[in-house]
Amino acid sequence: MRSTRSCCPISPPAVRALREVRDPANRRHRYPFTNCTHCGPRFTIIEALPYDRPATTMKRFTMCRSCASEYADPADRRFHAQPNACPDCGPRLALWSENGVELGSEDSALAGAAEAIREGRIVAVKGLGGFHLVCDARNDAAVSALRERKHRLEKPLALLFPDLEGLSRACLVSDGEARLLTSPQAPIVLLARAAQTSGEVAASVAPGNPYLGAMLPMTPLHHLLMADLGFPVVATSGNLSDEPICTDEHEAVRRLAGLADRFLVHDRPIVRHVDDSVARVVLGREGLIRRARGYAPLPIELDGGDGAVASGPTVLAMGAHLKNTVALAVGSQAFVSQHVGDLETPEALAAFRDVVASLEGLYRAVPALAVADLHPDYVSTQHALAGVAPVVRVQHHVAHVAACVAENQLAGPVLGVAWDGTGLGADGTIWGGEFLAVDGARFRRVAALRPFRLPGGDAAAREPRRAALGILHAILGPTVLARRDLAPIAAFEPSELAVMGKALERGVNAPLTTSAGRLFDAVASLAGLRQRASFEGQAAMELEWACAEGERDAYPLPLAAWTGGAGPHAPAWMLDWEPLLHALLDDRARGVEVSTVARRFHAALARAIAAVAERIGEKRVVLSGGCFQNRVLLESVVAALRAAGHEPYWHQRVPPNDGGLALGQVALARHLARH
Ligand code: ZN
Ligand code: FE
């Protein structure tokens, strides 16, 4: 019964295990660590494979006679259930004060935690893969306090509901979405809000957002807590913004000091941090936005039909800088790690190193090859270069396309559309609106968005008005600085405009980019939606949400000869946004609704992508990069491509954003190793 290779993640309590927890006559009544062979923790408690109790963090709990006989009996449902436990011999629940002083244990700990949440306090709850910060989702003051303490001002917060019925009152839930919510993986699912939410969810949970990220209880502990509460709670990662999620209760008291009023903890150690996964249903299929609990590190088969990358050296891919994951290719399988996050803090870098070491350790793999992005400043790249294995460097957008090719198990040539915020191009400029003819590791850049300058470079990711200024300057010249009638220009101080005008004139601290993400930002800024963002992609999301239904027109976005300079990576074609911007400015001047402007912009992009596919004449078109998290864009591009007789492919098992990059990196390295 030992599983040798598989390190399948966890699954939520099986129905029978839950029945025992709810049965007052059962010896496991209200025991939060109940499980059987069909459910319970796995990936978060495994120290080494094969999966066997002495190689898990359950080794510190000696089974009592009743548990030991269940474990040893081939006829029992708990035969070789490695985390088997009961109230007499297993992990114990405790409630701690903000300083880590025990206030109660077992059922009184649970009751105390529920009471604190009802009173509007913030409780840190130790779950499967780390801590959640939990508070009453109906209580605006509690949610606002959580935001303030966590320094997370606008990003939407995830919700945990007691059951599907309650969840269905707050959100519109299709059959496919209900299946996903109640699946063994139990991810956070992005759902459209119901028109009437009857005050169940405070406005501060996801301000201005037509979607809610919601999940259902994933362990008996969460089932018990949520049944006691009977209302939805916010359940967000137990961390400060940009830091990895806390896993150890003693560390949590230190790191979450000032964030949590109470700690609901237990003494079953968590070996590796695993965040909640985030998923959604789009075009009738499930797709991941963040791949972690329940999904990582389930392998992805690398055999694309021709066997080209299904065999080869053991490869370790370091992923990107933001939304980092790493991947390990062993034999014909790629193991993509859980979401690590943005490698911006020393804590995140430490977590990245741990994930690399634990993935190698778990599969006893010694990589013959490491893969890293071209960007020299990514700490993931630097980590690869400091290692012993030879390093292959691959271009960011080629890796995006390769990831989508790999998960769709395609072989042979495709047209890749890689649209995202930024990635270092093969020519040293910032790419992000790319059309790449890809065959294995060979690629040719066939088209891109017309380049424009970004005043302030990286600062533009948080200030859509900068992208707007750069793009307006390209078509209107220095006269744009006097156009106070335009929203982005009005959003700058005159002194700032003078500095940025000079930067744009001279091309200093104003790098060239073909980024589609920044084009979205520029349009959101021009539409008056947002001039500064509190997280990357916020303005683009708001532009997506603004889209009117039923609007049929599209702005012109013609395919033109490339004017962006010569070189081996200069494409033949570019999508010229100049006519689009003129039409958009006219619409704004005539007072056309933002919702119409937003829809015409999305429609222009969809038509333009189909036009490039037509021109290149490639049947199979692979869509990757963070822009394809945009539901309106993805749906309209897929429709436009199908209407023109193409076969579109998109991401489902790994995210379209940089969280999927490592999969593409291993696939590219395997191709390169063959030559
Ligand atoms: Zn026991
Ligand atoms: Fe990217």
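Everything in this summary refers to the structure shown in the same document. Residue indices begin from 1 for each chain and proceed along its sequence in written order. Note on labels: chains are lettered from A, ligands numbered from 1, in written order. Under the rules for a predicted model, residues below a pLDDT of 70 receive no local features and side-chain atom pairs below 80 are neither given nor counted, while totals for whole chains, interfaces and linings still include all residues. Heavy atoms throughout the structure, all of them, feed into the side-chain values; hydrogens and water do not.

**A look at the sheet that holds strand E14 (residues 327-330)**
The strands that make up a sheet are held in pairs by hydrogen bonds between backbone atoms, and each pair lies either parallel or antiparallel. For clarity, the cut-off: The rule for pairing is simple: two strands pair if DSSP sees at least two bridges between them. Think of it this way: any DSSP run of H or I at least four residues long counts as a helix, any run of E at least two long counts as a strand, and we number them from the N terminus. Two residues form a contact once any of their heavy atoms are found within 4.5 Å. Under this scheme, a helix contributes an axis fitted over its contacting stretch, all axes are lines through C-alpha atoms, and angles between N-to-C directions fall in the 0 to 180 degree range.
Taken in spatial order, the six strands of this open sheet run E12-E15-E14-E13-E16-E17, and their pairing is mixed. The open sheet is flanked by strand E12 (300-301) and strand E17 (391-394), the only strands paired with a single partner. As judged from the three bridges shared by strand E13 (residues 315-317) and E14, these two strands associate in the antiparallel manner. Across the sheet, Ala317 pairs through a bridge with Ala327, a residue of E14. Packing of helix H9 (residues 346-362) onto the sheet brings it into contact with E13, E14 and strand E15 (333-336), and relative to E14 it is tilted by some 20 degrees.

**Let's talk about the coordination of the iron ion (ligand 2)**
Selection rule: Nitrogen, oxygen and sulfur within 2.8 Å of a metal are treated as its donors, or within 3.2 Å for sodium, potassium and calcium (Na, K, Ca); water is not counted, so a site can appear incomplete. Just to be clear on the cut-offs, tetrahedral is four donors with all angles between 85 and 135 degrees, square planar is four donors and octahedral six with opposite donors over 155 degrees apart and all others between 65 and 115, and anything else goes down as irregular. Note on exposure labels: buried denotes an accessible area under 20% of the residue type's maximum, exposed denotes more than 50%, and partly exposed covers the range between, all computed with a 1.4 Å probe on protein chains only.
The coordination sphere of the iron ion (ligand 2), as far as protein atoms go, consists of His396 (NE2), His400 (NE2), Asp420 (OD) and Asp658 (OD), spread over 2.1 to 2.2 Å. Here the iron ion (ligand 2) binds four donor atoms, and the angle range of 86 to 171 degrees at the metal identifies the geometry as irregular. Taking the relative accessible area as the measure of exposure, His400 reaches 1% and is therefore buried. Since its relative accessible area comes to 3%, Asp420 is described here as buried.

**As for the coordination of the zinc ion (ligand 1)**
Geometrically, a metal with four donors at the corners of a regular tetrahedron has ideal angles of 109.5 degrees, and one with six donors at the corners of a regular octahedron has ideal angles of 90 or 180 degrees. Cys64 (SG), Cys67 (SG), Cys86 (SG) and Cys89 (SG) make up the full set of protein donors to the zinc ion (ligand 1), lying at 2.2 to 2.3 Å. Along the chain, the residues that donate to the zinc ion (ligand 1) are spaced as C-x2-C-x18-C-x2-C.

**What about the nonpolar core?**
Here is the rule: Buried residues of nine kinds, namely Ala, Val, Leu, Ile, Met, Phe, Trp, Tyr and Cys, make up a nonpolar core once their side-chain atoms join them within 4.5 Å.
Residues Trp419, Phe435, Phe601, Leu623 and Phe628 are the most contacted members of the largest nonpolar core, which totals 70 residues. When neighbours within four sequence positions are excluded, Phe435 is seen to be in contact with Leu415, Gly416, Val417, Trp419, Arg444, Arg445, Val446, Ala447, Ala448, Leu575, Ile609 and Val612. With 64 residues, the next largest nonpolar core counts Ala158, Val233, Ala351 and Ala365 among its residues.

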